[in-house]
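Each chain is listed here by its residues.
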Amino acid sequence: MNDTAYGISRLRAVPSARNDEEERVAACARTDGESRAVAAAPRIAKRLTAWWEANARDLPWRFGRATPWGVLVSEVMSQQTQMSRVVPYWQAWMELWPDATALAGASTAEVITMWGRLGYPRRALRLQECAQAVSERYADELPRTYEQLVALPGIGDYTASAVMSFAFGRRIAVIDTNIRRVLSRVFLGKESMGGAASATERELANTVLPQDPSASVMWNQSVMELGAVVCVAKKPLCERCPIAGECLFLESGLPGLGEKRTRPRQRFQGTDRQVRGIVLNALRTLPGAQTSLPREQVESLWKDHVQLDSCIASLDEDGLIEILADGSLRLPR
Ligand code: SF4
(Lines give C-alpha, C1' and ligand atoms only; values in the text may rest on other atoms or scores of the structure.)
Protein backbone atom coordinates (compact mmCIF):
# COMPACT_ATOMS: atom_id res chain seq x y z
CA MET A 1 0.00 0.00 0.00
CA ASN A 2 1.56 3.33 -0.94
CA ASP A 3 1.59 6.58 0.99
CA THR A 4 -1.63 7.84 -0.51
CA ALA A 5 -3.52 4.60 -0.10
CA TYR A 6 -7.22 5.52 0.21
CA GLY A 7 -6.14 9.17 0.04
CA ILE A 8 -6.23 8.96 3.81
CA SER A 9 -3.19 11.15 4.08
CA ARG A 10 -5.23 13.81 2.31
CA LEU A 11 -7.97 13.60 4.89
CA ARG A 12 -5.65 15.22 7.33
CA ALA A 13 -3.49 18.32 7.07
CA VAL A 14 -0.01 17.01 6.22
CA PRO A 15 2.70 19.63 6.79
CA SER A 16 5.53 19.80 4.24
CA ALA A 17 8.33 19.40 6.80
CA ARG A 18 7.75 17.11 9.74
CA ASN A 19 9.89 15.74 12.47
CA ASP A 20 10.18 12.04 13.21
CA GLU A 21 7.42 12.10 15.76
CA GLU A 22 5.03 13.78 13.31
CA GLU A 23 5.96 11.21 10.65
CA ARG A 24 5.26 8.40 13.09
CA VAL A 25 1.88 9.88 14.04
CA ALA A 26 0.97 10.40 10.36
CA ALA A 27 1.94 6.81 9.51
CA CYS A 28 -0.19 5.51 12.39
CA ALA A 29 -3.09 7.65 11.22
CA ARG A 30 -2.84 6.15 7.71
CA THR A 31 -2.68 2.65 9.10
CA ASP A 32 -5.67 3.35 11.33
CA GLY A 33 -7.63 4.75 8.40
CA GLU A 34 -6.80 1.80 6.17
CA SER A 35 -7.61 -0.68 8.89
CA ARG A 36 -10.87 1.06 9.53
CA ALA A 37 -11.81 0.85 5.82
CA VAL A 38 -10.80 -2.79 5.53
CA ALA A 39 -12.60 -3.69 8.74
CA ALA A 40 -15.73 -1.76 7.78
CA ALA A 41 -16.04 -3.18 4.24
CA PRO A 42 -17.53 -6.60 5.21
CA ARG A 43 -20.08 -4.94 7.54
CA ILE A 44 -21.01 -2.51 4.78
CA ALA A 45 -21.27 -5.36 2.26
CA LYS A 46 -23.68 -7.21 4.55
CA ARG A 47 -25.92 -4.20 4.96
CA LEU A 48 -25.84 -3.42 1.25
CA THR A 49 -26.76 -7.01 0.36
CA ALA A 50 -29.85 -6.86 2.58
CA TRP A 51 -30.74 -3.44 1.17
CA TRP A 52 -30.27 -4.64 -2.44
CA GLU A 53 -32.44 -7.69 -1.87
CA ALA A 54 -35.29 -5.52 -0.62
CA ASN A 55 -34.86 -2.47 -2.85
CA ALA A 56 -33.11 -3.22 -6.16
CA ARG A 57 -34.99 -1.87 -9.14
CA ASP A 58 -36.45 -4.59 -11.33
CA LEU A 59 -34.57 -3.75 -14.52
CA PRO A 60 -35.04 -6.36 -17.28
CA TRP A 61 -31.34 -7.11 -17.72
CA ARG A 62 -30.88 -7.91 -14.02
CA PHE A 63 -31.28 -11.11 -11.98
CA GLY A 64 -29.86 -13.39 -14.68
CA ARG A 65 -32.62 -12.66 -17.18
CA ALA A 66 -30.39 -11.27 -19.95
CA THR A 67 -27.66 -12.84 -22.04
CA PRO A 68 -24.12 -11.45 -21.73
CA TRP A 69 -24.77 -9.58 -24.99
CA GLY A 70 -27.97 -8.10 -23.48
CA VAL A 71 -26.00 -6.98 -20.43
CA LEU A 72 -23.43 -5.31 -22.67
CA VAL A 73 -26.18 -3.50 -24.62
CA SER A 74 -27.73 -2.27 -21.35
CA GLU A 75 -24.36 -0.94 -20.19
CA VAL A 76 -23.68 0.91 -23.45
CA MET A 77 -27.19 2.42 -23.42
CA SER A 78 -26.88 3.45 -19.75
CA GLN A 79 -23.74 5.51 -20.24
CA GLN A 80 -24.77 9.15 -19.85
CA THR A 81 -28.43 8.07 -19.72
CA GLN A 82 -30.50 7.12 -16.67
CA MET A 83 -31.21 3.39 -16.45
CA SER A 84 -34.95 3.95 -15.98
CA ARG A 85 -35.05 5.84 -19.31
CA VAL A 86 -33.13 3.06 -21.03
CA VAL A 87 -35.64 0.26 -20.25
CA PRO A 88 -38.13 0.70 -23.17
CA TYR A 89 -35.31 1.26 -25.67
CA TRP A 90 -33.42 -1.82 -24.44
CA GLN A 91 -36.55 -3.99 -24.61
CA ALA A 92 -37.44 -2.93 -28.17
CA TRP A 93 -33.80 -3.26 -29.26
CA MET A 94 -33.33 -6.75 -27.83
CA GLU A 95 -36.62 -7.91 -29.31
CA LEU A 96 -35.49 -6.80 -32.76
CA TRP A 97 -31.81 -7.78 -32.41
CA PRO A 98 -31.44 -10.40 -29.65
CA ASP A 99 -27.79 -11.13 -30.39
CA ALA A 100 -24.71 -9.60 -31.94
CA THR A 101 -25.17 -11.25 -35.33
CA ALA A 102 -28.70 -9.89 -35.65
CA LEU A 103 -27.51 -6.35 -34.89
CA ALA A 104 -24.53 -6.74 -37.22
CA GLY A 105 -26.90 -7.34 -40.12
CA ALA A 106 -29.15 -4.31 -39.50
CA SER A 107 -29.03 -1.21 -41.70
CA THR A 108 -27.48 1.94 -40.24
CA ALA A 109 -30.81 3.75 -40.71
CA GLU A 110 -32.60 1.12 -38.59
CA VAL A 111 -29.95 1.30 -35.88
CA ILE A 112 -30.16 5.11 -35.64
CA THR A 113 -33.96 5.00 -35.69
CA MET A 114 -34.11 2.43 -32.88
CA TRP A 115 -31.60 4.39 -30.80
CA GLY A 116 -34.33 7.05 -30.69
CA ARG A 117 -33.80 9.79 -28.14
CA LEU A 118 -31.22 7.98 -26.02
CA GLY A 119 -28.72 10.68 -26.95
CA TYR A 120 -25.09 10.57 -28.07
CA PRO A 121 -26.11 8.51 -31.15
CA ARG A 122 -22.54 7.71 -32.16
CA ARG A 123 -22.80 5.11 -29.40
CA ALA A 124 -25.33 3.25 -31.57
CA LEU A 125 -22.91 3.03 -34.48
CA ARG A 126 -20.09 1.89 -32.20
CA LEU A 127 -22.38 -0.75 -30.71
CA GLN A 128 -23.09 -2.06 -34.18
CA GLU A 129 -19.34 -2.16 -34.94
CA CYS A 130 -18.92 -4.10 -31.71
CA ALA A 131 -21.68 -6.50 -32.80
CA GLN A 132 -19.93 -7.06 -36.11
CA ALA A 133 -16.66 -7.87 -34.33
CA VAL A 134 -18.36 -10.28 -31.90
CA SER A 135 -20.22 -11.97 -34.72
CA GLU A 136 -17.15 -12.35 -36.95
CA ARG A 137 -14.32 -12.92 -34.45
CA TYR A 138 -16.14 -14.81 -31.72
CA ALA A 139 -18.97 -16.63 -33.55
CA ASP A 140 -21.61 -14.52 -31.78
CA GLU A 141 -20.37 -15.37 -28.26
CA LEU A 142 -19.20 -12.43 -26.18
CA PRO A 143 -15.57 -13.11 -25.17
CA ARG A 144 -14.98 -13.83 -21.50
CA THR A 145 -11.78 -11.99 -20.69
CA TYR A 146 -11.36 -8.32 -19.81
CA GLU A 147 -8.58 -7.94 -22.42
CA GLN A 148 -10.72 -9.31 -25.24
CA LEU A 149 -13.73 -7.23 -24.21
CA VAL A 150 -11.85 -3.96 -23.92
CA ALA A 151 -10.37 -4.55 -27.40
CA LEU A 152 -13.85 -4.51 -28.97
CA PRO A 153 -14.98 -1.30 -30.74
CA GLY A 154 -16.60 1.20 -28.37
CA ILE A 155 -15.92 -0.88 -25.23
CA GLY A 156 -13.92 0.93 -22.57
CA ASP A 157 -12.71 -0.03 -19.10
CA TYR A 158 -16.07 0.58 -17.44
CA THR A 159 -18.17 -1.51 -19.86
CA ALA A 160 -15.64 -4.35 -19.98
CA SER A 161 -15.52 -4.50 -16.15
CA ALA A 162 -19.30 -4.29 -15.85
CA VAL A 163 -19.75 -7.19 -18.28
CA MET A 164 -17.07 -9.26 -16.52
CA SER A 165 -18.84 -8.71 -13.21
CA PHE A 166 -22.56 -8.63 -14.06
CA ALA A 167 -22.62 -11.10 -16.96
CA PHE A 168 -19.78 -13.48 -16.11
CA GLY A 169 -19.69 -13.22 -12.30
CA ARG A 170 -15.96 -12.49 -12.16
CA ARG A 171 -14.23 -10.61 -9.36
CA ILE A 172 -13.35 -7.23 -10.81
CA ALA A 173 -13.78 -3.68 -9.53
CA VAL A 174 -16.38 -1.80 -11.56
CA ILE A 175 -15.63 1.89 -11.41
CA ASP A 176 -18.32 4.28 -12.59
CA THR A 177 -19.39 7.70 -11.35
CA ASN A 178 -21.90 6.33 -8.84
CA ILE A 179 -19.50 3.80 -7.35
CA ARG A 180 -16.71 6.36 -7.11
CA ARG A 181 -19.00 8.82 -5.35
CA VAL A 182 -20.19 6.27 -2.79
CA LEU A 183 -16.75 4.79 -2.04
CA SER A 184 -15.15 8.19 -1.74
CA ARG A 185 -17.84 9.46 0.63
CA VAL A 186 -18.02 6.34 2.78
CA PHE A 187 -14.32 5.47 3.09
CA LEU A 188 -12.52 8.76 2.45
CA GLY A 189 -15.11 11.14 3.88
CA LYS A 190 -14.96 13.43 0.86
CA GLU A 191 -16.42 13.98 -2.59
CA SER A 192 -15.03 12.18 -5.63
CA MET A 193 -14.01 15.10 -7.82
CA GLY A 194 -15.06 13.80 -11.25
CA GLY A 195 -12.75 13.56 -14.27
CA ALA A 196 -10.81 10.32 -14.78
CA ALA A 197 -10.66 7.92 -11.82
CA SER A 198 -7.52 8.58 -9.78
CA ALA A 199 -5.03 5.88 -8.76
CA THR A 200 -6.25 6.30 -5.18
CA GLU A 201 -9.86 5.69 -6.21
CA ARG A 202 -8.88 2.59 -8.18
CA GLU A 203 -6.83 1.26 -5.29
CA LEU A 204 -9.67 1.87 -2.88
CA ALA A 205 -12.19 0.14 -5.19
CA ASN A 206 -9.93 -2.90 -5.49
CA THR A 207 -9.11 -3.09 -1.79
CA VAL A 208 -12.67 -2.98 -0.46
CA LEU A 209 -14.00 -5.37 -3.14
CA PRO A 210 -14.95 -8.71 -1.51
CA GLN A 211 -12.64 -11.61 -2.38
CA ASP A 212 -15.42 -14.05 -3.15
CA PRO A 213 -16.53 -13.58 -6.81
CA SER A 214 -20.28 -13.74 -6.17
CA ALA A 215 -19.96 -11.40 -3.19
CA SER A 216 -17.98 -9.02 -5.42
CA VAL A 217 -20.81 -8.95 -7.98
CA MET A 218 -23.29 -8.16 -5.21
CA TRP A 219 -20.94 -5.43 -3.95
CA ASN A 220 -20.59 -3.82 -7.39
CA GLN A 221 -24.28 -3.82 -8.14
CA SER A 222 -25.42 -2.70 -4.69
CA VAL A 223 -22.86 0.12 -4.37
CA MET A 224 -23.77 1.28 -7.88
CA GLU A 225 -27.49 1.14 -7.08
CA LEU A 226 -26.99 3.03 -3.82
CA GLY A 227 -25.20 5.76 -5.78
CA ALA A 228 -28.04 5.89 -8.32
CA VAL A 229 -30.98 6.14 -5.92
CA VAL A 230 -29.80 7.10 -2.39
CA CYS A 231 -26.27 8.49 -2.36
CA VAL A 232 -27.02 10.82 -5.26
CA ALA A 233 -24.75 13.71 -6.21
CA LYS A 234 -26.53 16.82 -4.96
CA LYS A 235 -28.91 15.72 -2.20
CA PRO A 236 -27.95 12.33 -0.79
CA LEU A 237 -30.78 10.71 1.17
CA CYS A 238 -28.64 9.95 4.21
CA GLU A 239 -31.68 9.50 6.43
CA ARG A 240 -32.67 6.50 4.27
CA CYS A 241 -29.18 5.14 3.74
CA PRO A 242 -28.51 1.58 4.94
CA ILE A 243 -24.83 2.36 5.62
CA ALA A 244 -25.24 5.79 7.23
CA GLY A 245 -23.68 4.46 10.44
CA GLU A 246 -20.47 3.60 8.56
CA CYS A 247 -20.14 6.72 6.41
CA LEU A 248 -17.16 9.01 7.07
CA PHE A 249 -18.67 11.72 4.85
CA LEU A 250 -21.83 11.90 6.95
CA GLU A 251 -19.80 11.70 10.15
CA SER A 252 -17.75 14.69 8.96
CA GLY A 253 -20.86 16.76 8.17
CA LEU A 254 -20.90 16.27 4.36
CA PRO A 255 -17.94 18.59 3.68
CA GLY A 256 -17.99 20.21 0.21
CA LEU A 257 -21.19 18.38 -0.78
CA GLY A 258 -21.64 18.45 -4.59
CA GLU A 259 -18.12 19.78 -5.31
CA LYS A 260 -16.75 18.73 -8.70
CA ARG A 261 -13.46 19.29 -10.48
CA THR A 262 -15.15 19.19 -13.88
CA ARG A 263 -17.00 22.19 -15.32
CA PRO A 264 -20.76 22.29 -14.77
CA ARG A 265 -22.70 20.55 -17.50
CA GLN A 266 -23.45 22.78 -20.50
CA ARG A 267 -27.09 23.82 -20.78
CA PHE A 268 -28.86 21.84 -23.51
CA GLN A 269 -31.07 24.58 -25.01
CA GLY A 270 -29.51 26.12 -28.10
CA THR A 271 -26.51 23.80 -28.17
CA ASP A 272 -25.24 21.84 -31.14
CA ARG A 273 -26.38 18.72 -29.30
CA GLN A 274 -29.94 20.01 -29.39
CA VAL A 275 -29.75 20.92 -33.09
CA ARG A 276 -28.22 17.56 -34.01
CA GLY A 277 -31.01 15.84 -32.05
CA ILE A 278 -33.68 17.82 -33.89
CA VAL A 279 -32.24 16.91 -37.31
CA LEU A 280 -31.89 13.23 -36.44
CA ASN A 281 -35.35 13.10 -34.95
CA ALA A 282 -36.86 14.62 -38.12
CA LEU A 283 -35.15 11.91 -40.18
CA ARG A 284 -36.19 9.12 -37.82
CA THR A 285 -39.82 10.15 -37.95
CA LEU A 286 -40.30 10.82 -41.66
CA PRO A 287 -43.92 10.12 -42.57
CA GLY A 288 -44.99 7.08 -44.64
CA ALA A 289 -42.81 6.18 -47.56
CA GLN A 290 -40.80 9.42 -47.48
CA THR A 291 -37.13 8.45 -47.28
CA SER A 292 -35.43 11.86 -47.29
CA LEU A 293 -36.00 15.37 -45.96
CA PRO A 294 -35.98 18.09 -48.68
CA ARG A 295 -33.69 21.08 -48.15
CA GLU A 296 -36.58 23.53 -47.49
CA GLN A 297 -37.88 21.28 -44.72
CA VAL A 298 -34.38 20.93 -43.33
CA GLU A 299 -34.08 24.74 -43.14
CA SER A 300 -37.35 25.00 -41.24
CA LEU A 301 -35.90 22.89 -38.41
CA TRP A 302 -33.64 25.60 -36.93
CA LYS A 303 -33.51 29.37 -37.48
CA ASP A 304 -29.75 29.83 -37.26
CA HIS A 305 -28.69 28.31 -40.59
CA VAL A 306 -24.98 28.68 -39.89
CA GLN A 307 -25.34 26.53 -36.77
CA LEU A 308 -27.73 24.20 -38.59
CA ASP A 309 -25.29 23.62 -41.47
CA SER A 310 -22.39 23.05 -39.14
CA CYS A 311 -24.43 20.46 -37.21
CA ILE A 312 -25.49 18.75 -40.45
CA ALA A 313 -21.84 18.58 -41.51
CA SER A 314 -20.85 17.04 -38.17
CA LEU A 315 -23.67 14.47 -38.36
CA ASP A 316 -22.48 13.57 -41.85
CA GLU A 317 -18.89 13.26 -40.63
CA ASP A 318 -20.03 10.97 -37.81
CA GLY A 319 -21.77 8.70 -40.34
CA LEU A 320 -25.18 9.41 -38.82
CA ILE A 321 -26.79 11.01 -41.91
CA GLU A 322 -26.23 11.30 -45.66
CA ILE A 323 -26.39 14.59 -47.60
CA LEU A 324 -27.80 14.10 -51.09
CA ALA A 325 -26.78 16.16 -54.15
CA ASP A 326 -29.86 18.41 -53.93
CA GLY A 327 -29.19 19.22 -50.27
CA SER A 328 -31.84 16.88 -48.90
CA LEU A 329 -30.92 14.56 -46.00
CA ARG A 330 -31.54 10.93 -45.18
CA LEU A 331 -30.41 8.30 -42.72
CA PRO A 332 -27.57 6.12 -44.07
CA ARG A 333 -28.69 3.04 -45.99
S1 SF4 B 1 -24.79 8.33 4.56
FE2 SF4 B 1 -25.28 9.80 2.97
S3 SF4 B 1 -23.33 10.36 2.06
FE4 SF4 B 1 -23.00 8.48 3.25
S5 SF4 B 1 -23.26 6.82 1.75
FE6 SF4 B 1 -25.21 7.14 2.74
S7 SF4 B 1 -26.31 8.58 1.39
FE8 SF4 B 1 -24.14 8.65 0.85
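Here's a quick rundown of the structure.

Calculation rules
Residues numbered from 1 in each chain as written. Predicted model: local features only at pLDDT ≥ 70, side-chain atom pairs only at ≥ 80, totals over all residues. Heavy atoms only, no water. Helix = DSSP H or I, 4+ residues; strand = E, 2+ residues; numbered from the N terminus. Buried < 20%, exposed > 50% of the residue type's maximum accessible area, 1.4 Å probe, protein only. Contact = heavy atoms within 4.5 Å. Areas by Shrake-Rupley, 256 points an atom, 1.4 Å probe, with all protein chains shown as cover. Core = buried A, V, L, I, M, F, W, Y, C linked by side-chain atoms within 4.5 Å. 1 Å grid on protein atoms, 1.4 Å probe; cavity = no way out; pocket = protein on both sides within 12 Å on 5 of 7 lines; lining within 4 Å. Points joined across faces, edges and corners; volume = space filled by probe spheres on them. Nonpolar A, V, L, I, M, F, W, Y, C, P; charged D, E, K, R; others polar. Phe/Tyr/Trp six-rings, centres within 6.5 Å; stacked < 30°, edge-to-face > 60°. Lys NZ or Arg CZ within 6 Å of the ring centre and 35° of its normal. Near = heavy atom within 4 Å. Sits in = over half its atoms within 2 Å of the grid points. Domains from an automatic or database assignment. Expected span 1.5 Å × (residues − 1). Bend = angle between axes of the 7 residues up to and from the residue.

**Regarding the overall build of the protein chain**
Here is step 1: If you tally the helices and strands in the protein chain, you get 16 helices and 2 strands.
Here is step 2: Taken over 333 residues, the protein chain has a buried fraction of 47%.
Here is step 3: A separation of at least 24 residues holds for 64% of the contacts in the protein chain among residues at least 6 apart in sequence.
Here is step 4: Carbon and sulfur atoms provide 52% of the accessible area of the protein chain, an area that totals close to 17,000 Å².

**Thoughts on helix 9 (residues 157–167)**
Here is step 1: The element helix 9 is largely enclosed, with a buried count of 8 among its 11 residues.
Here is step 2: Three or more residues of helix 9 are buried, namely Tyr158, Thr159, Ala160, Ser161, Ala162, Val163, Met164 and Ser165.
Here is step 3: Buried positions along helix 9 lie against helix 3 (68–78), helix 8 (146–150) and helix 12 (213–229).
Here is step 4: One or two residues past the end of helix 9 sits glycine 169, with phi positive at roughly 65 degrees.

**So, the nonpolar core**
Here is step 1: Formed by 38 residues in total, the largest nonpolar core has its most connected members in Trp69, Leu72, Trp93, Leu127 and Leu142.
Here is step 2: Those elements that place two or more of their residues in this core are helix 3, helix 4 (83–96), helix 5 (100–104), helix 6 (108–115), helix 7 (122–137) and helix 9.
Here is step 3: Leaving out residues up to four positions away in the same chain, tryptophan 69 has contacts with Met94, Trp97, Pro98, Asp99, Ala100, Leu103, Leu127, Cys130, Ala131, Val134 and Leu142.

**Brief notes about empty space enclosed by the protein**
Here is step 1: Scanning the model with the defined rule gives 3 cavities of 30 Å³ or more in all.
Here is step 2: For the largest cavity, the calculated volume is near 110 Å³.
Here is step 3: Lining the largest cavity are 16 residues; nearest its centre among them are Val186, Cys231, Cys238, Cys241 and Cys247.
Here is step 4: If you list the elements that add at least two residues to the lining of the largest cavity, you get helix 10 (177–188) and helix 13 (248–251).
Here is step 5: The element contributing the most residues to the lining of the largest cavity is helix 10, with 3 residues.
Here is step 6: Looking at the lining of the largest cavity residue by residue, the class counts come to 15 nonpolar, no polar and 1 charged.
Here is step 7: Empty space within the second largest cavity amounts to approximately 40 Å³.
Here is step 8: Ile175, Arg180, Leu183, Ser184, Leu188, Glu201, Leu204 and Ala205 together form the lining of the second largest cavity.

**Re unusual backbone geometry**
Here is step 1: The residue tyrosine 120 is not glycine, and still its phi comes out positive at about 45 degrees.
Here is step 2: Secondary-structure assignment places tyrosine 120 in the loop between helix 6 and helix 7.
Here is step 3: Among the residues examined, tyrosine 120 registers a relative accessible area of 33% and is labelled partly exposed.
Here is step 4: Although it is not a glycine, leucine 254 adopts a positive phi angle of roughly 50 degrees.
Here is step 5: For leucine 254, the position within the fold is in the loop between helix 13 and helix 14 (272–284).
Here is step 6: We classify leucine 254 as partly exposed; its relative accessible area is 24%.

**Focus: the packing of aromatic side chains**
Here is step 1: Following the criterion strictly, the structure yields 4 aromatic pairs and no others.
Here is step 2: Here tryptophan 61 and tryptophan 90 contribute two aromatic rings whose centre-to-centre distance is 5.4 Å and whose plane-to-plane angle is 65 degrees, an arrangement assigned as edge-to-face. A residue pair is termed long-range when its members are at least 10 positions apart, and tryptophan 61 in the loop between helix 2 (20–55) and helix 3 and tryptophan 90 in helix 4 qualify at 29 residues. Of the two residues, tryptophan 61 and tryptophan 90, both sit in the buried class.
Here is step 3: In this structure an aromatic cluster arises from ring pairing among Trp93, Trp97 and Trp115.
Here is step 4: Its guanidinium or amino end placed over the ring of tyrosine 120, arginine 273 lies 4.3 Å from that ring's centre, counting from NZ or CZ.

**Observations concerning the site of the ligand**
Here is step 1: Neighbouring residues of the ligand: Arg185, Val186, Val230, Cys231, Pro236, Cys238, Cys241, Ala244, Cys247, Phe249 and Leu250.
Here is step 2: At a threshold of 2 Å from the grid points, most atoms of the ligand map onto the largest cavity.
Here is step 3: For the shell around the ligand, the residue count by class is 10 nonpolar, no polar and 1 charged.

**Some remarks on the layout of surface pockets**
Here is step 1: Quantified by volume, the second largest pocket comes out at close to 310 Å³.
Here is step 2: The wall of the second largest pocket is formed by 16 residues, among which Trp61, Arg62, Phe63, Phe166 and Gln221 lie closest to the centre.
Here is step 3: Looking at the lining of the second largest pocket, the elements that each hand over two or more residues are helix 3, helix 9 and helix 12.
Here is step 4: The class makeup of the residues in the lining of the second largest pocket is 10 nonpolar, 3 polar and 3 charged.
Here is step 5: The two domains that each donate at least three residues to the lining of the second largest pocket are domain 1 (5–55 + 173–251) and domain 2 (68–167).

**Topic: helix 4**
Here is step 1: With 14 residues, helix 4 should cover 20 Å at 1.5 Å per step; its first-to-last C-alpha distance of 20 Å lies within 8% of that length.
Here is step 2: The largest bend in helix 4 comes to about 30 degrees, at tyrosine 89.
Here is step 3: Where helix 4 is concerned, the buried positions are Met83, Val86, Val87, Trp90, Trp93 and Met94.
Here is step 4: Tucked inside the fold, the buried residues of helix 4 contact helix 3, helix 5, helix 6 and helix 7.

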